[in-house]
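# Per-entry structural report
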Amino acid sequence: MPGIRHSLAALLLLSGVALSAQTPPDTTANLQLDQAVLTAHVRRPMLETVGGVSGSVNVAQIQAVPSFLGNSDPIRFVRLLPGIQVNSETDGGLYMQGSDYSQTVLSIGGVPVYGASHLLGLFSVFNASHYKSMDYSTDAGQIRRLGGRVDMTLQDTIPSRFGADFSVGLISAQGTLMIPAGKKSAFTVSARRSYINLLYGPFLKFDGEPIRYGFTDANITWFWKPSARDRIWVDFFGGYDRGQFDYSKAAISMLGGWYNGTGAVHWTHYFPEVTLKQTAYTSINGLHAHLDVRYAQGDLPSHIYSFGYKAMAKWRGWDFDADVAWHSIQPQNPMTEGYYNMTNTSREEIQTGLETTLAATYGFSAGYWFEGKAGLGFNGFLSPERRFYWGLTPQVEADANLMDAGKIILRYGIHRQNLFQTGFTNVGLPCEFWIMAGKLSDPQWSHNVSLSYNLTFAREMFAFSAEVYYKRLYNQVEYKGTLMEMLNSSYSIETSLLRGHGYAYGVNLLFHKQSGRLTGWVGYAFGRSLRNFNDPHYPGTYPSDHERLHELNVVATYDWKRFDFGGTFVAASGTPYTRPESFYILGDRLICNYGEHNGARLPAYIRLDLSANWYIHRDSRRQNGLNLSIYNVLCRENAVGYGVHTNEEGTAYEFRPTAFAIKFMPSLAYFHKF
């Protein structure tokens, strides 16, 4: 009988069956039968999908996927999934199923991170080796967003010995230290520093003009297990970027610095029948930039500061959530002077507001064939004008288990959002800024419905998922102002915004090979995201700035002896833009006459990246080796926008694409982990 019991224990552990919903989570699973204890370490796949394209990413394994200039980036990785689109070559935002990038929340342990990208959006602020995993979903649930969520989960184990994971490449150096502090606590410390202009300065150009740029970021996490039923994390993140751009053809010079950071204390306690999680946090993001354009100059300060507390409790089939957050926002507040605009007295005051969320969800099952969830939330918002907005957020989900034929999941929910991000560019520049609902716009809200089908087969070696979705969007905001208008005329955010409603719909398909030496997936997404504005100058229906009609992603990795190889291929439709029909010069001022709003599209976006890792040494405790990554193997010059430019002699203007001049770009990095 003991042999039978031990075999059963091994089967349960290796199949990932949860033995107790209230057991504190550990990387290792222990099960005691009679006097024997069996311990098993389960190797997770790189990508685990649940319900369409929602799921979890094992960030420790994404090194096999081609990285940008030697940096493994979780956000660039998740954008290779259908329904989570890449917007342009330099845009670091995540656009999930027709939603704007500010409608997706990026977080660390549930704490929102604002401005989560470096180098004009080419990679994120998340150092992959610092985190346990990355969870993502195209549905934000009761979080105050209309789109989806991406959360970096913190380490929850105490290492038995000192460890390190670092890499040194041609663009930056980064490293992580895992430091045990006794038997009950540990520190995880990470840092990253760039020196991109040292070697890549001649190649880092925008429209042929050089860019000077550098960044630094760091993470510190202290994890403590004071008892078998308590888990405490103290976590800090901070980052700073500085860039300079001189565009001699148009006499434009820009110098800027931008920063972001988070701080949080998390406490999880496991009662006999209740799991309680509490978090107190702060999150900040700001910009200081100076701009000179011929006879005009200006400063562009903006920031967002948030302070909050959230609590989550699980009791039997119930989930309870409470969240309160206070925000202080400085919208883009230009202080300009010059020939055309000697005294721009328009000043945007600092906005302060308070958000609250209360929600309860109950999960149930009716036999083996059917499971469901039903929840109801309350969302309250006190605006800067001290007007109180409120609304309900019902959420329902029905899962039909068809056994070997797969699973069908139907979801419906109402989502609400009170903070919006906008600005006069759409290419990932830090001059995008946040505003609050109130006098500028009513809170955003939406109806979201989706139907997904999921199937695993061939002993779970392969997986297929398909999802169709529809969203009805209310009180959407788009920015119609330009940088030149800000410098050369009386500026007002209120007159620079387009307000209206919209809708989005589409289909996502994913075929995934989950195990074996060759792994990867093929994903395809079709999506529409349309807007109707409450403005007589914009009649009709227009595509949103970020709409991509089609996107194809192919990802493959191959593990062979002391090597692993990876490749990614992206082909996507161009995004919309508003094309000038004519332009003329009045004095030293360029004036454009624009055509239909978002009536033209950029050329198709196509990119192929390849990589190879050579492991000089690799075992269960230590690995080191070299990474070779090649960005944009096809040397395609993907446009990030269109604009009016001067010719090489500076004697005439022309309207043509603008590209971020990183073409065929190899990089080499050394990595070491022990």
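Here's a quick rundown of the structure. (Residues numbered from 1 in each chain as written. Predicted model: local features only at pLDDT ≥ 70, side-chain atom pairs only at ≥ 80, totals over all residues. Heavy atoms only, no water.)

### A word on the pattern of salt bridges
We apply this condition: Salt bridges, as used here, are contacts in which a Lys or Arg side-chain nitrogen is within 4 Å of a carboxyl oxygen on Asp or Glu. Numbering of helices and strands starts at the N terminus; helices are DSSP runs of H or I of at least 4 residues and strands are runs of E of at least 2. Each residue gets one of three labels from its accessible area relative to the maximum for its type: buried under 20%, exposed over 50%, partly exposed in between, using a 1.4 Å probe on protein chains only.
Applying the stated criterion to the full structure yields 11 salt bridges. A salt bridge links Asp 156 to Lys 132; its shortest N-O distance comes to 3.0 Å. A residue pair is termed long-range when its members are at least 10 positions apart, and Asp 156 in the loop between strand 12 (149-153) and strand 13 (163-168) and Lys 132 in the loop between strand 10 (123-124) and strand 11 (133-137) qualify at 24 residues. Using a relative accessible area of 8% as the deciding quantity, one classes Asp 156 as buried. Relative accessible area serves as the criterion here: at 30%, Lys 132 is assigned to the partly exposed category. With a shortest N-O distance of 2.7 Å, Glu 547 and Arg 528 are connected by a salt bridge. A residue pair is termed long-range when its members are at least 10 positions apart, and Glu 547 in the loop between strand 36 (541-543) and strand 37 (550-560) and Arg 528 in strand 35 (residues 518-533) qualify at 19 residues. Residue classification places Arg 528 among the partly exposed positions, given a relative accessible area of 22%. Look at the salt bridges and you will find they share partners, linking Arg 144, Asp 323 and Glu 355 into a network.

### A closer look at the packing of aromatic side chains
The condition that has to hold: Pairing of aromatic rings covers Phe, Tyr and Trp, the last through its six-membered ring, and needs centres within 6.5 Å; plane angles under 30 degrees mean stacked, over 60 mean edge-to-face, and all others mean tilted. In our convention, an over-ring charge means Lys NZ or Arg CZ found within 6 Å of a ring centre and within 35 degrees of that ring's normal.
Counted by the stated rule, this structure contains 30 aromatic pairs. Ring centres of Tyr 95 and Tyr 101 lie 5.5 Å apart, and the angle between their planes is 80°; on these two criteria the pair is classed as edge-to-face. Aromatic pair Phe 462 and Phe 511: ring centres 5.8 Å apart, planes at 20°, arrangement stacked. Linking Phe 462 in strand 33 (residues 462-479) with Phe 511 in strand 34 (residues 497-513), this pair joins segments that are 49 residues apart in sequence. Here the aromatic residues Trp 318, Phe 320, Tyr 362, Phe 364 and Phe 370 are joined through ring pairs into a cluster of three or more. Between the NZ or CZ atom of Arg 618 and the centre of the ring of Tyr 615, over which it lies, the distance is 3.9 Å.

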